[in-house]
Amino acid sequence: MSLDPRIIVALDLAEGREALALADRLDPGACRLKVGLELFTASGPAIVTALRDRGFDVFLDLKYHDIPNTVARACARAAELGVWMVNVHALGGPRMLAAARKAVPPTTLLIGVTILTSHDSAELAVLGLGDAAARVQSLAHLCAAEGLDGVVCSPQEAALLRTRHARPFRLVTPGIRPSGSETQDQRRIATGREALAAGADYLVIGRPITAAARPHEALAACRADIGETG
Ligand code: C5P
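Residues numbered from 1 in each chain as written. Predicted model: local features only at pLDDT ≥ 70, side-chain atom pairs only at ≥ 80, totals over all residues. Heavy atoms only, no water.

**Looking at helix H4 (residues 68–80)**
- Spanning 13 residues, H4 covers 18 Å between terminal C-alpha atoms, matching the ideal 18 Å at 1.5 Å per step.
- Looking at H4, one finds that the buried residues are Val71, Ala72, Cys75, Ala76, Ala78 and Ala79. Summarising the axial view, the buried residues of H4 lie within an arc of 160 degrees, below the 170-degree limit, and thus occupy one face. Away from its buried face by more than 90 degrees, H4 exposes Arg73 and Glu80.
- Its buried side turned inward, H4 meets strand E3 (58–64), strand E4 (85–89), helix H5 (94–103) and strand E5 (109–113).
- Phi turns positive, to about 85 degrees, at Gly82, one or two residues after H4. (Helix = DSSP H or I, 4+ residues; strand = E, 2+ residues; numbered from the N terminus. Expected span 1.5 Å × (residues − 1). Buried < 20%, exposed > 50% of the residue type's maximum accessible area, 1.4 Å probe, protein only. Arc of directions from axis to C-beta. Contact = heavy atoms within 4.5 Å.)

**Description of the site of the ligand**
- Taken together, Ala10, Asp12, Lys34, Thr117, Pro174, Arg177, Gln186, Val204, Ile205, Gly206, Arg207 and Pro208 make up the full set of residues adjacent to the ligand.
- Contacts to the ligand include Thr117, whose side-chain N or O atom sits 2.7 Å from a nitrogen atom.
- Protein contacts shield 82% of the accessible area of the ligand, which totals 470 Å² for the unbound molecule.
- For the shell around the ligand, the secondary structure elements donating two or more residues are strand E8 (202–205) and helix H10 (207–210). (Near = heavy atom within 4 Å. Polar contact = N/O pair within 3.5 Å; in protein donor to acceptor, adjacent residues only side chain to side chain. Areas by Shrake-Rupley, 256 points an atom, 1.4 Å probe, with all protein chains shown as cover.)

**Remarks on unusual backbone geometry**
- Across the junction of Arg167 and Pro168, the peptide omega takes the value 20 degrees, indicating a cis bond.
- Tracing the chain through its elements places Pro168 in the loop between helix H8 (155–164) and strand E7 (170–173).
- Unusually for a residue other than glycine, Lys63 sits at a positive phi of about 45 degrees.
- Summarising the element assignment, Lys63 is placed in strand E3.
- Taking the relative accessible area as the measure of exposure, Lys63 reaches 27% and is therefore partly exposed.
- With phi around 50 degrees, Gln184 is a residue other than glycine that occupies positive phi space.

**Focus: the pairing of E5**
- Burial analysis of E5 places five of its five residues in the buried class, the great majority of the element.
- Neither face of E5 is left uncovered, since the one carrying Leu109, Ile111 and Val113 and the one carrying Leu110 and Gly112 both have all their residues buried.
- The sheet contact formed by E4 and E5 spans five bridges and is parallel. Pairing of Asn87 across the sheet is with Ile111, part of E5.
- Once you follow E4 into H5 and on to E5, the crossover reads as right-handed.
- Relative to strand E6 (residues 150–152), E5 runs parallel, the two sharing three bridges. Along E6, the bridge assignment pairs Ile111 with Gly150. (Pairing = 2+ DSSP bridges. Right-handed = clockwise from strand over helix to strand, strands pointing away.)

**Describing the sheet that holds E8**
- Read once around its circumference, the closed barrel built from eight strands follows the order E1-E2-E3-E4-E5-E6-E7-E8, with strand pairing classed as parallel. For this sheet the average axis-to-axis angle between neighbouring strands, irrespective of direction, equals 25 degrees.
- Against the sheet, H4 makes contact with E3, E4 and E5, and its axis sits at roughly 170 degrees relative to E3, the strand it touches most. (Axes fitted to C-alpha atoms, helices over the stretch in contact; angles between N-to-C directions.)

Encoded structure:
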């Protein structure tokens, strides 16, 4: 059993029942689980509690972005649920990040989202956000300055961010695909091994595991790719 599994399986599913059935095919010593907007909206805090009761660390991926007081209070409720990791949008600004930091005890990791990888440069221009790489760096810097525990970033951004932010600042990377597997709608992908080599700490992997006929075996293959054994 691994004490600090690197892989976070994204439970992007519509129903709590489905999510629990999938969780029951996975091992809490081999992965962590991510609950996002769809599953949380459908199933609420009960799904987090049920996953925790099964021994899983839960990353509550709700990307809070609101006024500082509202975000701080939501973060506090998330921490009370016993989640392992929670995140907020760095674009909420320094006061929002500081309020979130104050509300989240050190037992829960507080992570910033910099620029969503779904934005292309045309969209960033419309939003007045300019160059993606520069913005990701400045927002990661802001997260570090406000005492956040790390950021979500693409594997391509991880290498540069790691040169600027030493551990324990965490880099959490989605967009992971085992070599030769389907990319689906992800564009800027890397294998788990490449992402870790670039400086990532945790790998968010969804469909390559959740859509597999045998999720447990798909997870084992992803773990083997990063040299994490059983
Ligand atoms: O199925 P797949 O491996 O593409 O799932 C990746 C997960 O990571 C999804 O839950 C997606 O919302 C999330 N994510 C992402 N890119 C980001 C931030 C989060 O793919 N920039």
